[in-house]
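Observations on chain architecture
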Amino acid sequence: MSSLWAIAASTVVLSYAATWMARRFAPKIGFLDAPDGARKTHQGAMPLLGGLAVFVAFTVGMLCFWLTNDARAFDTDRTNFLLGTMLSGGLYCALGLIDDRWPLRAGFKFAFQIVAAIPFVFLGTSIAKLYLLGIEINLGVMAVPFTIFWIVSCVNVVNLMDGMDGLATTIGLISTATLAMLSLSLGQTSLAPIGFLFAASLLGFLF
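Attention in this report is confined to the structure presented alongside it. Note that this is a predicted model, so its numbers are computed, not measured.

Here is what the cut-offs are and how they apply
- Residues numbered from 1 in each chain as written.
- Predicted model: local features only at pLDDT ≥ 70, side-chain atom pairs only at ≥ 80, totals over all residues.
- Heavy atoms only, no water.
- Helix = DSSP H or I, 4+ residues; strand = E, 2+ residues; numbered from the N terminus.
- Buried < 20%, exposed > 50% of the residue type's maximum accessible area, 1.4 Å probe, protein only.
- Contact = heavy atoms within 4.5 Å.
- Areas by Shrake-Rupley, 256 points an atom, 1.4 Å probe, with all protein chains shown as cover.
- Salt bridge = Lys/Arg side-chain N within 4 Å of Asp/Glu carboxyl O.
- Pairing = 2+ DSSP bridges.
- Expected span 1.5 Å × (residues − 1).
- Axes fitted to C-alpha atoms, helices over the stretch in contact; angles between N-to-C directions.
- Parallel < 35°, antiparallel > 145°, perpendicular 65-115°, else oblique.
- Left-handed = near helix turned anticlockwise from the far one by under 90°.
- Nonpolar A, V, L, I, M, F, W, Y, C, P; charged D, E, K, R; others polar.
- Phe/Tyr/Trp six-rings, centres within 6.5 Å; stacked < 30°, edge-to-face > 60°.

1. Topic: the overall build of the protein
Along the backbone of the protein there are seven helices and four strands. Out of the 207 residues in the protein, the part that is buried amounts to 33%. Of all intrachain contacts in the protein linking residues separated by at least 6 positions in sequence, the fraction that spans at least 24 positions is 65%. Just so you have it, the protein exposes about 12,100 Å², and 70% of that area is on carbon and sulfur atoms.

2. What to know about unusual backbone geometry
With the exception of glycine, most residues fall at negative phi, and the peptide bonds are largely trans. Positive phi values are uncommon outside glycine, yet Leu 49 reaches one of about 75°. Judged by relative accessible area, Leu 49 falls into the buried class, the value being 11%. One non-glycine residue, Leu 133, adopts positive backbone phi at about 55°. Note on placement: Leu 133 falls in the loop between strand 3 (129-132) and strand 4 (135-138). A relative accessible area of 80% means that Leu 133 is categorised as exposed.

3. Some thoughts on the pattern of salt bridges
In total, this model carries two salt bridges according to the counting rule given. A salt bridge links Asp 99 to Lys 109; the shortest N-O distance between them is 3.1 Å. Here Asp 99 is found in helix 3 (residues 76-101), whereas its partner Lys 109 is found in helix 4 (residues 106-124), with ten residues between them in sequence. As a salt-bridge pair, Glu 136 and Lys 129 come within 3.5 Å of each other at their nearest N and O atoms. What makes Glu 136 partly exposed here is its relative accessible area of 45%.

4. Topic: the side chain of Thr 169
By the secondary structure assignment, Thr 169 is in helix 6 (residues 167-185). Those residues in contact with Thr 169, other than ones at most four positions away along the chain, are Leu 202, Phe 205 and Leu 206.

5. What to know about the pairing of strand 3
Note that strand 3 and strand 4 share four bridges and pair antiparallel. Residue pairing in the sheet places Leu 130 in a bridge with Ile 137 of strand 4. Where strand 3 folds back on strand 4, the antiparallel hairpin that results is connected by two residues, among which Leu 133 adopts a positive phi of roughly 55°.

6. Quick word on helix 2 (residues 50-66)
The periodicity of an α-helix, 3.6 residues per turn, causes residues three or four positions apart to be oriented the same way. The first and last C-alpha atoms of helix 2 sit 24 Å apart over 17 residues, in line with the 24 Å expected at 1.5 Å per residue. Every buried residue belonging to helix 2 is among Gly 50, Ala 53, Val 54, Phe 55, Ala 57, Phe 58, Gly 61, Met 62 and Phe 65, and all of these are buried.

7. Structural notes on the packing of helix 4 against helix 5 (residues 143-161)
For the pair helix 4 and helix 5, the least separation of the axes is 9 Å and the interaxial angle reads 125°. It follows from the interaxial angle that helix 4 and helix 5 lie oblique. In the packing of helix 4 onto helix 5, the handedness of the crossing is right-handed. For the pair formed by helix 4 and helix 5, the contact residues are Phe 110, Gln 113, Ile 114, Ala 117, Ile 118, Phe 120, Val 121 and Phe 122 on the first element and Val 144, Thr 147, Ile 148, Ile 151, Val 152, Val 155 and Asn 156 on the second. A per-class count over the contact of helix 4 with helix 5 returns twelve nonpolar, three polar and no charged.

8. A short note on the packing of aromatic side chains
Tallied over the full model, the rule gives five aromatic pairs. Centroid distance Trp 5 to Phe 196: 5.1 Å. Interplanar angle 70°. Geometry classified as edge-to-face. Of this pair, Trp 5 sits in helix 1 (residues 4-25) while Phe 196 is found in helix 7 (residues 192-206), placing the two residues 191 residues apart along the sequence. Relative accessible area serves as the criterion here: at 44%, Trp 5 is assigned to the partly exposed category.

None of the figures reported here should be taken as evidence of function without further support.
Structure representation (structure tokens):
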């Protein structure tokens, strides 16, 4: 993990720079988010493309980490997990860009969100068991559809919170950093870097 912290720091800087560029480029191509007096409470039209800046910084950070000796902690299963994460993340990023520029109907957007979750589920992992009040529930054949439902639900929960500058990013940063530290404390050294580097990408954007 020795090289992770240097890469994470660089990812913060890269995310900041990418966001700075996006902020200046977005108005020129019509990517602006105007307040609506209801859910969107920011003052004045805000440039979009921030999500793209975060994803680019995260992708570059992961590629840099992959080239280090620390990446040997990734076995085949973890490699598939990472690939599924990046593919699904890229699809969600593309969906966000399209919806920002040409607002989509709710039904179409929901269907695309389901499609975007599929690479993660089939290349990464699925929720096989639930624990509720001390009871173990084995999902069996429902593992894949439940995992897709869970991902899509989380995406929409964060999206619904995204009405005030920095709110969704701050919540995402705290959640991601917490999960990364939990992974590290549990010895899951192949999963923790993903969380730390995504947290670094969010931190650069937040600045």
